[in-house]
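# Structure at a glance
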Amino acid sequence: MEVAIIGIGLHRFGRSPDMSGLQQGAAAVRAALADAGLSWKDMQFAYGGSQDAGNADSLVNELGLTSLQFTNIWNGCATGGSSLHAAYSAIKSGQYDLGVVVGFDKHPRGAFNPQPADWGLDDWYGETGLMLTTQFFAMKIQRYMHDHGISEDALVRVSEKAFANGSLTPTAWRQQPLSYADIANSAMVSDPLRKYMFCSPAEGGAALILCNADKARQFTRKPLLLKAAAVRTRHYGSFEVFAPSQAMHVADAPTVTASRMAFELAGIGPEDVDVMQLQDTDSGTEIIHMAENGFCEHGEQEQLLRDGATQIGGRMPVNTDGGCLANGEPVGASGLRQVYEVCVQLRGEGGARQVPNDPAVGYTHVYGAPGVSGVNIITR
Amino acid sequence: MSEQIPIHKGLFTWPSSRPQLLGSRCKQCGETAFPAQVDCRSCSGRDTEVVELGDRGTLWTWTIQTFMPKQPYHSDETEASFRPYGVGYVEMPGGVRVEARLEPSTREQLAIGMPMQLNIVPFRTDASGNQIMTFSFSAVEEDQAWK
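Here we summarise the structure given alongside this text. (Residues numbered from 1 in each chain as written. Chains lettered and ligands numbered in written order. Predicted model: local features only at pLDDT ≥ 70, side-chain atom pairs only at ≥ 80, totals over all residues. Heavy atoms only, no water.)

All names here are of chain A. Helix length check: helix 5 (residues 133-148), at 16 residues, gives a terminal C-alpha distance of 22 Å against a target of 22 Å (1.5 Å per residue), a fit within 8%. Counting buried positions over the 16 residues of helix 5 gives 12, a clear majority of the element. Of all the residues in helix 5, the buried ones are T134, Q135, F136, F137, A138, M139, K140, I141, Q142, R143, Y144 and M145. Just past helix 5, the residue G149 takes up positive phi, approximately 65 degrees. (Helix = DSSP H or I, 4+ residues; strand = E, 2+ residues; numbered from the N terminus. Expected span 1.5 Å × (residues − 1). Buried < 20%, exposed > 50% of the residue type's maximum accessible area, 1.4 Å probe, protein only.)

Residues and elements named next belong to chain B. Across the sheet, which stays open at both edges, the three strands sit in the order 3-2-4 with antiparallel pairing between neighbours. In this open sheet, the two edge strands, each paired with only one partner strand, are strand 3 (32-33) and strand 4 (48-54). Summarising the sheet, strand 2 (residues 21-26) and strand 3 pair through two bridges and their orientation is antiparallel. Note on strand 3: the bridge partner recorded for S24 is A33. (Pairing = 2+ DSSP bridges.)

Residue and element names in this part refer to chain A. Its location among the elements puts T257 in helix 8 (residues 254-266). On the accessibility criterion, T257 (16% relative accessible area) is buried. In this view, T257 contacts R232 and H235; residues no more than four positions away in its chain are not counted. (Contact = heavy atoms within 4.5 Å.)

What follows is about the interface of chain B and chain A. Each partner contributes residues to the interface: chain B has 42 residues there, and chain A has 39 residues. E127 of chain A is the partner of R124 of chain B in a salt bridge, and the nearest nitrogen-oxygen pair spans 3.1 Å. Taken together, the connections running from chain B to chain A amount to 27 residue pairs in polar contact (both at pLDDT 80 or more). Listed by contribution, the elements that provide at least two residues to the side of chain B that touches chain A are strand 3, strand 5 (56-65), strand 6 (85-92), strand 7 (96-102), strand 8 (115-125) and strand 9 (131-139) of chain B. When the residues that make up the side of chain B that touches chain A are grouped by side-chain class, the tally is 21 nonpolar, 12 polar and nine charged. Relative to strand 7 of chain B, strand 9 (residues 245-246) of chain A runs antiparallel, the two sharing two bridges. Within the sheet, the bridge partner assigned to Q246 of chain A lies in strand 7 of chain B and is R97 of chain B. (Salt bridge = Lys/Arg side-chain N within 4 Å of Asp/Glu carboxyl O. Polar contact = N/O pair within 3.5 Å; in protein donor to acceptor, adjacent residues only side chain to side chain. Nonpolar A, V, L, I, M, F, W, Y, C, P; charged D, E, K, R; others polar.)

Right, let's get into the pattern of salt bridges. All names here are of chain A. Tallied over the full model, the rule gives 23 salt bridges over all chains. Here D321 makes a salt bridge to R337, at a shortest N to O gap of 2.9 Å. Highlighted residues: D321 in the loop between helix 10 (301-306) and helix 11 (323-327) and R337 in helix 12 (residues 331-347), separated in sequence by 16 residues. Across the pair, exposure class does not vary: D321 and R337 are buried alike. Beyond isolated ion pairs, a larger network of salt bridges with shared partners links D35, K222, R347 and E349.

Right under this line is the structure:
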């Protein structure tokens, strides 16, 4: 038995000053239900999460008290991926036929400020200014550029593409394309990453309606199949955020493990993927994630970016809606936005940003603190 | 009378004429951790010992913190007095790479592979006037490199 995605909904990312995060989540669920032609009372289960906008199961106050099973999921940046994995497993087990996953958030402006005790660390680590995600991503790409011959040109090209794609995406937060020079000359934030190479904490909501695929055609003529949902944590030796020390031997990142598992579940390989979403909390991570997910060898990204391979018309389109860079990162919603966008592309509803030649296989990937990755594979 | 107090017990030997970073080594698999911990995250063993990691190393990766972090950052600085600082992982002879503040704070002063020297430095002053000490690394001066 397979799992189908029969409804998708998004509440636009960015800033919605008149709405709470929870209300943005409810808006996304209503949009997904409308897309599937279903109502809230049809839902047998829900999984959802947010970081800063309250308990997801409070959504029943907005959507209706129907007694459904509602489980809150919190797993850092992989919250959406983990909710989707839980829903996938619930349907695969045969217990349920129809349910919803939802993610939403509303963060204050500026960088996140995680607390050491929440991550099993002592206070000195945060007090002395070592516990910033921006630092980690800068240090990971700094070393990666040194080891694999990636230049600053590649970092600029990733951002240039993100904002170009964002300008084609009506729901994106950042809709202004930025020139190569705008990006290359923007303020240095955390060497080698500049202002326009980082995504910002934001607001938004995303929801998906999932269904036993055997029954999906009752609801839609164009169900998509969730062929794989995999979530994995770090190995000893992988280089991770919020780590006061790092082993001498550098092991594969959790992304590598989650990606391999997802491809195995789906029975396909990276060469079969037509459109992909790779976590791009900064332009360096998109470059690293291209290789960690198996789409190229380490070091090949420089030439691929120069050739435009990851643009919408390229041979491996990455982050067609502008990714985290153009949409910002409401942590709870971000992973489900990726799935939403891939579904839009596979349905051929991308409009100005539609990937040509009827893409049939989509791929999504998130990575988050302190070393967790979620990968989904979706097909027509 | 004001004193110099380590920001956290067990991170480094202090006071000492030649302070060392402290970590732990697993007696089963030999892997090293910083800070010291009783459990081994490599082999799940529970038999570790505290070891000195050294006071010299080489820079494995780095960045520069250009804006003043929000709380839980806790220094004496204000937005006006904040100065950018380097952050890096330093590969220690004790067999682990340690994340630390770096005193060089411009990209011209920092390069992967450069030799680094441990310093125990005042970080902030507490309510009683004591200096709270932390660890950082600076570039090894040319004439010190051959000691």
